[in-house]
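Structural overview
Spelled out from the first residue to the last, the chains are:
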Amino acid sequence: MVGARHPLAGRSAVRLRDLRGETFCFLGRALAPDFHDLVVSALRKAGEDFEIWEHPVPGLRVSPLRDDGSGFTLVCKSAGTRLGSGLVALPLLDRLPAVEVRIVWRTSDVPPPAQTVLQAAYELARGQSWGN
């Protein structure tokens, strides 16, 4: 994902090498050290090493890029279909290693919204033949 004014924003897809010299904008390592390290490692395994800027507000409710709109970030394909204004999703042509994502919850007193999320996750995992 890049800003709408980014020089690559008009392309139909990009490779990581097209982003050389750019800053990778990502969630702070302190928030999710294992996930952060997995994603950064995946970039390096693909042959690229980017300067990393840790966004002070994680998530996509605000732009995941720097305040001036510079840099790029990686999001899952489904998140790329629901972008805020000023952002452009570009398919990545490089194949990155899979990153494992887990859902963890307390088994006692699961509130209804969490039950809905868990049910959707179960159905998706079953439909995709993921995990156990």
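Being a predicted model, the structure only gives us computed values, none of them experimental. (Residues numbered from 1 in each chain as written. Predicted model: local features only at pLDDT ≥ 70, side-chain atom pairs only at ≥ 80, totals over all residues. Heavy atoms only, no water.)

**Concerning unusual backbone geometry**
Located in the positive-phi region is D109, a residue other than glycine, with phi close to 55 degrees. As for its placement among the helices and strands, D109 is situated in the loop between strand 4 (87-88) and helix 2 (112-128). Judged by its relative accessible area of 74%, D109 falls in the exposed class. (Helix = DSSP H or I, 4+ residues; strand = E, 2+ residues; numbered from the N terminus. Buried < 20%, exposed > 50% of the residue type's maximum accessible area, 1.4 Å probe, protein only.)

**Digging into the environment of Y122**
Among the structural elements, Y122 can be located in helix 2. Classification of Y122 by relative accessible area gives partly exposed; the value is 44%. Taking the C-alpha atoms as reference, Y122 lies 39 Å from D68; in sequence the two are 54 residues apart.

**Looking at the pattern of salt bridges**
Throughout the structure, instances matching the rule amount to four salt bridges. When the shortest N-O distance is used, the salt bridge between R29 and D37 registers 2.6 Å. Residue D49 pairs with R44 through a salt bridge whose shortest N-O separation is 2.9 Å. (Salt bridge = Lys/Arg side-chain N within 4 Å of Asp/Glu carboxyl O.)

**Describing the packing of aromatic side chains**
Within the structure shown, the criterion is met by four aromatic pairs. Measuring from ring centre to ring centre gives 5.0 Å for F24 and F26, while their planes differ by 20 degrees; the resulting arrangement is stacked. Using a relative accessible area of 0% as the deciding quantity, one classes F24 as buried. Under the relative-accessibility criterion, F26 is labelled buried at 7%. For the ring pair F26 and F35, a centre distance of 5.7 Å and an interplane angle of 40 degrees mean the geometry is tilted. (Phe/Tyr/Trp six-rings, centres within 6.5 Å; stacked < 30°, edge-to-face > 60°.)

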